[in-house]
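Residue-level structural notes
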Amino acid sequence: VQQLGTPLSNEEYQHFFRFFRDTRHASDACLFRLLYGCQNPLMQKLDKYENHGVIPEGPICSELPGTPLFPDFCAFSFYRCLRKRYFIKV
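Nothing here was measured: the structure is a model prediction, and the numbers come from that model.

Attention now moves to the state of the cysteines. Scanning the entire structure with this criterion turns up two disulfides. Here C30 engages in a disulfide with C81; their sulfurs sit 2.0 Å apart. Around the S-S axis, the bridge from C30 to C81 shows a dihedral of about -80° and counts as left-handed. With C30 in helix α2 (residues 23-36) and C81 in helix α4 (residues 73-82), this residue pair connects regions lying 51 residues apart in the sequence. Exposure class is identical for C30 and C81. Each is buried. C38 shares a disulfide with C74; S-S distance 2.0 Å. The sign of the S-S torsion, about 85°, decides the handedness of the disulfide formed by C38 and C74: right-handed. Within this pair, whereas C38 is found in the loop between α2 and α3 (41-50), its partner C74 is found in helix α4, the two being separated by 36 residues in sequence. The class for C38 is buried, based on a relative accessible area of 8%. With its bonded cysteines labelled in order along the sequence, the protein chain shows the pairing 1-4, 2-3.

For soluble globular proteins, nonpolar side chains are generally found buried alongside one another. Grouped together as the largest cluster of nonpolar side chains are six residues: I60, L64, F70, F73, F76 and Y79. In terms of residue count, α4 provides more of this core than any other element does, three residues in total.

The next thing to look at is the confidence of the model for the protein chain. Close reading of the predicted structure is inappropriate where its pLDDT is low. Overall, the predicted model of the protein chain reaches an average pLDDT of 81, with 83% of residues at or above 70. Within the protein chain, the lowest mean pLDDT, 75, falls on helix α1 (residues 10-16), and the highest, 90, falls on α3.

Let us now look at α3. Regarding α3, the residues found buried are M43, D47 and E50. Seen end-on, α3 carries its buried residues on one side only, within an arc spanning 60°. For α3, exposure combined with an orientation more than 90 degrees from the buried face picks out P41 and K45. The backbone nitrogen of L42 has a side-chain oxygen 2.8 Å away, supplied by the residue at the start of α3, namely N40. Positive backbone phi, approximately 55°, marks H52, located one or two places after α3.

About the cut-offs
Residues numbered from 1 in each chain as written. Predicted model: local features only at pLDDT ≥ 70, side-chain atom pairs only at ≥ 80, totals over all residues. Heavy atoms only, no water. Disulfide = S-S within 2.5 Å. Helix = DSSP H or I, 4+ residues; strand = E, 2+ residues; numbered from the N terminus. Buried < 20%, exposed > 50% of the residue type's maximum accessible area, 1.4 Å probe, protein only. Core = buried A, V, L, I, M, F, W, Y, C linked by side-chain atoms within 4.5 Å. pLDDT = per-residue confidence, 0-100. Arc of directions from axis to C-beta. Polar contact = N/O pair within 3.5 Å; in protein donor to acceptor, adjacent residues only side chain to side chain.

In structure tokens:
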């Protein structure tokens, strides 16, 4: 059992992103996020699912060289969308 707020395991990410493997679907989800923001219930549902039921608060560490820290999960999600790096794990 994973702890609330922790990122998905590699296997869980594969399952979660199965729908988004088509870049078009991931791009559509990002467009929705850009239009409606992170507070939209659908975005919050996806963000919670991605983090075992809790959207992490506070600084978010990433595996990205040169950008290791984001102020919150919303900023991290927008970064992934803007850079079209949809499948980067925290």
